Structure formats: C-alpha cells, structure tokens
Amino acid sequence: MIILKNREEIELMRESALSVSRTLGIIAKEIKPGVTPLYLDKIAEEYIRDNGGVPGFKGMYGFPNTLCMSLNAAVVHGIPTNKPLEEGDIISVDCGVIKNGYFGDHAYTFGVGQINPEVQKLLDVTKECLYIGIEQFQAGNRIGDIGFAIQQHAEKNGYGVVRELVGHGLGKKLHEDPEVPNFGKRADGPKIKDGMVLAIEPMINMGTKNIKQLKDGWTILTADGKPSAHFEHDVAQIDGKPEILSTFKYIEEALGIL
Ligand code: MG
Ligand code: MG
C-alpha cells in the first residue's frame, strides 16, 4: 500500500532529509586518505544525535552502524571498518536519520583524494542517472518511467544497473511501497500521485550488473570486482512535480565543487 503524505508531513520529512544532508556534509569534510570508515561513522552518529535525530539504520534489520559505507567494488550495505581509506578509493556513504517520526535516507559516492578519470566518470554518470530519474517523477507518469530513464542513461554509457536492490517509498518506515527499480519499462508500474515520497537511488556498476554478497551477511559486491556507485535523494511529489527534499549542497560545498 502506498502511503501518501500531506504537506505538513512532507515538511517534517524535509527536516529529516536535510538532517541526513548536513550529516553527509560533515563526512565530506573528513574524507581523505588515512581516515577510517569507523571514525566517520562515529562523527556521523554524534552529529545526528547532537541535532535531535536518531541514526535510522543502526539496529535496523540488525545493521550495526550509523552509516552504510561501501568501498570500491561494494555496491551498498557495507559495514564501516577500521581499515584506513586509500588514495584513489571510492566510498559510497548511505545515511538514515529519524526525526519527528519520519525517515530521511540519502547517499553520495565520494572519491578519496585523486581518483582515476574512468572511475570519476562512473560517479558523474550515476549522479546524472539520479537526476534523470527524478525528472520522470511527474504527474501522468508511472514508476516504471523513472527506472526506464535511469537504465537508458546507464547502459548508454556501458554500465550495469543492479537489479536486486531498488529505491522505495519513504515515510514513517524506511522502506514503504512502492518499489522504485532503476530499470524498467515506460508507462509500467504504479501511477505517480501527489503526496508520494520516494527514495530514488541508482546503484550503477562499471561492469556487470551482477552482484554477490560478502560473508559478513551485509556487504553487496559487484560480481566482477569492478567499482560501483550509488547516489540517493528523497523526493516528494507536489502539484504534479518532483521536489527534492534532500540536498547535495553541503557535500559539494565541502568538496569545493559547488
Ligand atoms: Mg539509502
Ligand atoms: Mg534508500
């Protein structure tokens, strides 16, 4: 069942989403070679709690940390480790916050120091996929139009689109209906309606679309060991148009690319 949100609820969700955005902005300032994912996880948790939120992922389905941190060939759901980041790594950081009873859930893939231009292109195209998907979140369209647009753009660039993991409705629960695949057919799936709030989140692999799970029971890896990127925004449907509730502004200011 798709739970539609009224304007008041959407404003509360905007606060939750922005709380994640600010947390990712703090992380962006700290990411560099030598820093450990566990250290980043610790400062994220402190920042969230100091600002009236609760880490949304910690304890969810038994996940042990505040951030999902997925390194290089890890797609999503990576557990932060004590292994220092190295020059040239990429790391996808996914963060959830509960505030006012609502979830915010968004993600960004960071380069550590200087990264290979081929890998940078994967990050750029995955971020483009996110915005191209969001553009399709319009009155008159269906959920399949979002995935269709994302898949087209990724595959045009020779990349693989992960099938097993998808975006989702967002609200009082982290995962609500509908599922929002990053692949699909035009005019397929549920109709887009005012009051829908979605987490749209392309997971794009440089090589094969196929994945496997690490023995830790969490980390999802690309089957061929090539890098994967993940960008996610929380988006509400208002007056027939998508409105992005989260923002990359804090991240990109910190990275000096805004
Ligand atoms: Mg997420
Ligand atoms: Mg999500």
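In short, a report on the structure.

Conventions and cut-offs
- Residues numbered from 1 in each chain as written.
- Chains lettered and ligands numbered in written order.
- Predicted model: local features only at pLDDT ≥ 70, side-chain atom pairs only at ≥ 80, totals over all residues.
- Heavy atoms only, no water.
- Salt bridge = Lys/Arg side-chain N within 4 Å of Asp/Glu carboxyl O.
- Helix = DSSP H or I, 4+ residues; strand = E, 2+ residues; numbered from the N terminus.
- Buried < 20%, exposed > 50% of the residue type's maximum accessible area, 1.4 Å probe, protein only.
- Lys, Arg positive; Asp, Glu negative; His and termini not counted.
- Polar contact = N/O pair within 3.5 Å; in protein donor to acceptor, adjacent residues only side chain to side chain.
- Contact = heavy atoms within 4.5 Å.
- Donors = N, O, S within 2.8 Å, 3.2 Å for Na, K, Ca; no water.

1. Regarding the pattern of salt bridges
Across all of its chains, the model carries 10 salt bridges by this definition. With a shortest N-O distance of 3.6 Å, E46 and K42 are connected by a salt bridge. Of this pair, E46 and K42 both sit in helix 2 (residues 37-50), four residues apart, which is roughly one turn of the helix. Judged by relative accessible area, E46 falls into the partly exposed class, the value being 40%. Across the salt bridge formed by K127 and E252, the nearest N and O atoms sit 2.6 Å from each other. Residue K127 is located in helix 3 (residues 117-135), and its partner E252 is located in helix 5 (residues 249-255); the two are separated by 125 residues in the primary sequence. An identical accessibility class is assigned to K127 and E252; each is buried. A network of salt bridges, in which partner residues are shared, links E11, R14 and E243.

2. Digging into the side chain of D41
With respect to the element layout, D41 can be found in helix 2. K58 provides the closest opposite charge to the buried, salt-bridge-free D41, at an N-O distance of 5.5 Å. A polar contact of 3.1 Å, which involves the side chain of D41, links it to the side chain of N65. What D41 contacts, discounting residues up to four positions off in sequence, is N65, T66, L67 and P80.

3. A short note on the coordination of the magnesium ion (ligand 2)
The protein atoms that coordinate the magnesium ion (ligand 2) are D105 (OD), H168 (NE2), E201 (OE) and E232 (OE), at distances of 2.1 to 2.2 Å. Mapped onto the sequence, the donors of the magnesium ion (ligand 2) take the spacing D-x62-H-x32-E-x30-E. The distance between the magnesium ion (ligand 2) and the magnesium ion (ligand 1) comes to 3.2 Å, and D105 binds to both of them. Pair noted here: D105 is in strand 5 (residues 102-111) and H168 is in strand 7 (residues 167-169), with a separation of 63 residues, a long-range link. By relative accessible area, H168 is classed as buried at 4%.

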